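Each chain, written out:
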Amino acid sequence: MASRLLEVADHARDTRAAAEAKGDHKLALSAGQAEARVLTALAPLDTLGADIAENIQDANDALKVLGTTVREHPEVAAAIIDVLERRNRRDWADHIRQMADNSNREIEVRA
């Protein structure tokens, strides 16, 4: 949808420029107003995109912390797995279990 709105804004800008070149100030003003309306509609989407990117980065950071924690503290991993299973999030519980198991194997190999 955003790409379509950008096309509309671009067309309005082109129309405004062509109208100005022909001296049609009424059409130029109308096209300029149309472009402004479309850009105003797009502004929240731009901010939303930045918010989403920031949220994704925050989630990635949290997952890294979680991964480190369950590798270093198997008792924490067990508690998290228990909560996830009670909430019927077995996919996440299996993921945490796998991370904790991998850590234990790495420790055993090094010892």
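This write-up is about the structure you can find in this document.

About the criteria used
Positions within a chain are numbered from 1, following the residues in the order the chain's sequence is written. Where local features are concerned, this predicted model is filtered to residues with pLDDT of at least 70; where side-chain atom pairs are given and counted, the filter is 80 or more; whole-chain, interface and lining totals use all residues. The side-chain quantities take in all heavy atoms of the structure and omit both hydrogens and water. Per the convention used, a helix needs a DSSP run of H or I reaching at least four residues, while a strand needs a run of E reaching at least two, with both numbered from the N terminus. Burial classes: relative accessible area under 20% of the type maximum marks a residue as buried, over 50% as exposed, and values in between as partly exposed (1.4 Å probe, protein chains only). Note on definitions: a residue-residue contact is assigned when non-hydrogen atoms from the two residues lie within 4.5 Å. Contacts described as polar in this section are N or O atom pairs within 3.5 Å, which, within protein, must combine one atom able to donate a hydrogen with one able to accept it, while residues neighboring in sequence count only if both atoms come from side chains. Only buried Ala, Val, Leu, Ile, Met, Phe, Trp, Tyr and Cys residues count toward a nonpolar core, and they belong to the same one when joined by side-chain atoms within 4.5 Å. When a carboxyl oxygen of Asp or Glu is within 4 Å of a side-chain nitrogen of Lys or Arg, the pair counts as a salt bridge.

Looking at unusual backbone geometry
Inference 1: A positive phi angle, close to 60°, is found at Asn-88, a residue other than glycine.
Inference 2: Turning to its location among the elements, Asn-88 is positioned in the loop between α3 (74-86) and α4 (90-110).

Brief notes about the environment of Glu-35
Inference 1: Within the element layout of this structure, Glu-35 appears in helix α2 (residues 25-72).
Inference 2: Residue class for Glu-35 comes out buried when judged on its relative accessible area of 11%.
Inference 3: For the pair Glu-35 and His-11, spaced 24 residues apart in sequence, the C-alpha separation works out to 8.2 Å.
Inference 4: In this structure Glu-35 touches Ala-9, Ala-12, Arg-13 and Arg-16, once residues within four positions along its chain are discounted.
Inference 5: Here Arg-16 takes part through its side chain, which lies 3.5 Å from a polar atom of the side chain of Glu-35.

Quick word on the nonpolar core
Most often, soluble globular proteins keep nonpolar side chains buried together rather than apart.
Inference 1: Ranked by size, the top nonpolar core spans eight residues in total: Val-70, Ala-77, Ile-81, Leu-84, Ala-93, Ile-96, Met-99 and Ala-100.
Inference 2: Listing elements by their share of this core, those giving two or more residues are α3 and α4.
Inference 3: If you tally residues by element for this core, the top one is α4, at four residues.
Inference 4: Those residues in contact with Ile-81 that sit more than four places away from it in its chain are Ala-93, Ile-96 and Arg-97.

A word on the pattern of salt bridges
Inference 1: Inspection of the entire model under this criterion finds seven salt bridges.
Inference 2: The residue Arg-16 makes a salt bridge to Glu-20 at a minimum N-O spacing of 3.7 Å. Highlighted residues: Arg-16 and Glu-20, both in helix α1 (residues 2-22), separated by four residues, approximately one helical turn.
Inference 3: Arg-16 sits in the partly exposed class, given a relative accessible area of 24%.
Inference 4: When salt bridges with common partners are traced through the structure, they connect Arg-16, Glu-20 and Glu-35 into a single cluster.

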